[in-house]
Amino acid sequence: MKSENIEKAYALAKERYAALGVNTDKAIETLEKTPISLHCWQADDVVGFERNVAASGGIMTTGNFPGRARNIDELRQDINKATSLLAGPMRLNLHETYGDFGGAFVDRDQCGPEHFQSWMEWAKERGMKLDFNSTSFSHPNSGTLSLSNPDKAVRDFWIEHTKRCRRIADAMGAYQGDPCIMNIWVHDGSKDYTVEKYRYRQIFKESLDEIMKEDLPNMKTCLEAKLFGIGLEAYTVGSHDFVAGYCAQNKMIYTLDTGHYEPTENVSDAVSALLLFVPELMLHVSRPMHWDSDHVTCFDDNTRNLFSELVRAGQLHRAHIGLDYFDASIDRLGAYIIGTRATQKSLLSAFLEPLDLLRQYEDEGKHFERLALLEEAKTLPFGAVYDYFNYKNNVPVGQDYIPEIERYEQEVTFKRA
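Scope of this entry: the structure provided in the associated data block.

When its secondary structure is counted, the chain shows 14 helices and ten strands. For the chain, whose C-alpha radius of gyration is 22 Å, the value lies close to the compact-globule estimate of 22 Å for 417 residues. Dimensions of the chain, computed from the C-alpha atoms along their principal axes, are close to 65 × 55 × 40 Å. The buried share of the chain, reckoned over its 417 residues, is 55%. Sequence separation of at least 24 residues holds for 80% of the intrachain contacts in the chain that already meet a minimum separation of 6.

Tallied over the full model, the rule gives 13 aromatic pairs. Relative to Phe132, the ring of Phe116 has its centre 4.9 Å away and its plane inclined at 85°; by these criteria the two rings are edge-to-face. Placement of the pair is Phe116 in the loop between strand S2 (90-95) and helix H4 (117-125) and Phe132 in strand S3 (residues 129-133), with a sequence separation of 16 residues. For Phe132, a relative accessible area of 0% puts it in the buried group. In this structure an aromatic cluster arises from ring pairing among Tyr10, Tyr388 and Tyr391. In this arrangement the basic side chain of Arg76 is found over the ring face of Trp119, its NZ or CZ atom lying 4.3 Å from the centre. Seen from the ring of Tyr175, Lys124 lies directly overhead, with NZ or CZ sitting 4.8 Å from the centre.

One way to put it is that helix H10 (residues 332-351) packs onto helix H14 (residues 401-411) with a least axis distance of 10 Å and a crossing angle of 155°. Judged by the angle between their axes, H10 and H14 are roughly antiparallel. Between H10 and H14 lies a crossing of right-handed hand. Within the contact between the two elements, H10 uses Leu333, Gly334, Ile337, Ile338 and Arg341 and H14 uses Tyr401, Ile405 and Tyr408. Grouping the constituent residues of the contact of H10 with H14 by class yields six nonpolar, one polar and one charged.

Another aspect to go through is helix H5 (residues 152-176). The terminal C-alpha atoms of H5 lie 36 Å apart, and with 25 residues this matches the ideal 36 Å at 1.5 Å per residue to within 8%. The backbone nitrogen of Ala153 lies 3.0 Å from a side-chain oxygen of the residue at the head of H5, namely Asp151.

We now examine the nonpolar core. Ranked by size, the top nonpolar core spans 110 residues in total, and within it Leu92, Leu94, Trp119, Phe132, Tyr254, Leu256 and Leu283 carry the most contacts. If we skip the residues at most four places from it in the chain, Leu256 touches Tyr261, Val267, Ala270, Val271, Leu274, Met282, Leu283, His284 and Leu306.

Turning to the packing of helix H1 (residues 3-18) against helix H2 (residues 24-31), a few remarks are in order. Between H1 and H2, the least distance of the axes is 9 Å, while the angle of their chain directions is 105°. Considering their axes alone, H1 and H2 lie roughly perpendicular with respect to each other. Residues Tyr10, Ala13, Lys14 and Tyr17 of H1 form the contact with H2, whose own contacting residues are Thr24, Asp25 and Ile28. Class assignment of the residues belonging to the contact of H1 with H2 gives a composition of four nonpolar, one polar and two charged.

Before going further, it helps to examine the pairing of strand S10 (residues 319-323). Burial of S10 is extensive: five of the five residues sit out of reach of the surface. Residues Ala319, Ile321 and Leu323 point to one face of S10 and His320 and Gly322 to the other, with burial holding for every one of them. Across five bridges, the pairing between strand S9 (residues 281-285) and S10 is parallel. Across the sheet, residue Leu281 finds its bridge partner in S10, namely Ala319.

Moving on, we come to the environment of Phe116. The exposure class assigned to Phe116 is buried, which follows from its relative accessible area of 0%. Filtering out sequence-adjacent residues up to four positions away, Phe116 remains in contact with Leu94, His95, Glu96, Tyr98, Gly99, Phe132, Ile168 and Met172.

This part covers the environment of Glu364. Among the secondary structure elements, Glu364 is positioned in the loop between helix H11 (355-363) and helix H12 (367-377). For the pair Glu364 and Asp387, spaced 23 residues apart in sequence, the C-alpha separation works out to 35 Å.

Thresholds applied
- For every chain, the first residue of the written sequence is number 1, and numbering continues from 1 onward in sequence order.
- With pLDDT at 70 or above as the cut-off, local features in this predicted model cover only qualifying residues; side-chain atom pairs require 80 or more to be listed or tallied, and sums for whole chains, interfaces and linings still use all residues.
- Values shown for side chains rest on all heavy atoms present in the structure; no hydrogens or waters enter the calculation.
- Each helix is a run of DSSP H or I of at least 4 residues and each strand a run of E of at least 2, with the numbering of both proceeding from the N terminus.
- Here the globule rule reads 2.2 Å times residues to the power 0.38, and the radius of gyration is calculated from C-alpha atoms.
- The rule is simple: take the accessible area with a 1.4 Å probe, protein chains only, and divide by the maximum for that residue type; under 20% is buried, over 50% is exposed, in between is partly exposed.
- Should any heavy atoms of two residues lie within 4.5 Å, those residues are considered in contact.
- What counts as a ring pair is set by centres within 6.5 Å for rings of Phe, Tyr and Trp (its six-membered ring), and what kind of pair is set by the plane angle: stacked under 30 degrees, edge-to-face over 60, tilted for all other angles.
- Either the NZ atom of lysine or the CZ atom of arginine qualifies as a charge over a ring when it sits within 6 Å of the ring centre and within 35 degrees of the ring normal.
- Interaxial angles span 0 to 180 degrees and are taken between N-to-C directions of axes, which are lines fitted to C-alpha atoms, for helices over the stretch in contact.
- In these notes the angle categories are as follows: under 35 degrees is roughly parallel, over 145 is roughly antiparallel, 65 to 115 is roughly perpendicular, and the rest is oblique.
- Crossing handedness: left-handed means the near helix sits turned counterclockwise from the far one by under a right angle, and right-handed means the same turn made clockwise.
- Side-chain classes are defined by residue name, with Ala, Val, Leu, Ile, Met, Phe, Trp, Tyr, Cys and Pro counting as nonpolar, Asp, Glu, Lys and Arg as charged, and the others, Gly among them, as polar.
- Here a helix's expected span is defined as the number of its residues, less one, multiplied by 1.5 Å.
- Think of a polar contact as two N or O atoms within 3.5 Å of one another; within protein, one of them needs to be a possible hydrogen donor and the other a possible acceptor, and neighboring residues in sequence only count if both atoms come from side chains.
- Take the buried Ala, Val, Leu, Ile, Met, Phe, Trp, Tyr and Cys residues and link them wherever side-chain atoms come within 4.5 Å; each set so joined is a nonpolar core.
- A pair of strands is labelled paired if DSSP reports no fewer than 2 bridges between them.

By themselves, these are just geometric observations and shouldn't be taken as functional.
Structure (structure tokens):
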């Protein structure tokens, strides 16, 4: 797009928003300071570098688009390319199975900070911060129950794994001078009806209590709920009600994954309720499609509403933002760009809402005026502001990133055997 057209469009948009008391420069400045954590597993279909096998345990990636990252160097190459096309600060979210194991097999109860030292150095060179996840799926000990398993040997294996992951996250946080957000999610559940719901949840609670005993000052632990998993449709141990209760009782960060709920649910409604009882939220921004499918995030109502609720509540500072989807049916780097930009657009849309005037209308009981302004705000020249944000930060504007992705396909990813 021509620079003069971008600048002219932004000047007009700035004037239009100013008439409603909205400062577009301030909105852009806030967006430039809001980090988004990219998920490493989009680049390689959640395979990792431990055994090089497809994901299991309720996780399934569909599609076979060419160019999957097959090793740590290719994954880093893809992340470098993706971030070069994105404005604003980016973090990188790693699962434990993405360690730098040097070609050796390191079982999950033996992992340590040394297996992620090269990641810490790599990220620091690029000005990126790291986040982390324990990995309970795709392992011979996974089965259908991990931290909630009545078998003590299996359960102790996963407790040790998760303890070690927290220590790895603490080392990352100390190295980067910023807390590493470490997410715990387990696939535990049942394919068909069970009569032991209470028992499994009791065991899960006891396992979490044991894991959380260690005080680690350079990391923050969050716990993620799930509706169901593939092959585990009847019962999920770590359901929303369990996780909400545990996080509230233990002052722990709740991970709200927008892909883990029914598409008809207003997940954004949970924001204001949860933040009254938990210290912070970790957002895994995804898109469900009829079922828990983790489609690429789009600029849709659910995503916009999620960030609107945070901004309206004045609680954005209590939320950590990350992406969590895996689509192998389209270009994987393209999926990164689409999802990240959709998240940024949703944030910017929230920053540009004429909130002061809307609040005034609401306080004065002017409900017609409130609804009218909410409707009119939907067609304000928001796109011109987002274009200027990218232009200002020297990354492709609008659809201009598409040929960049196509060029990378021809030069890099399509050449991978």
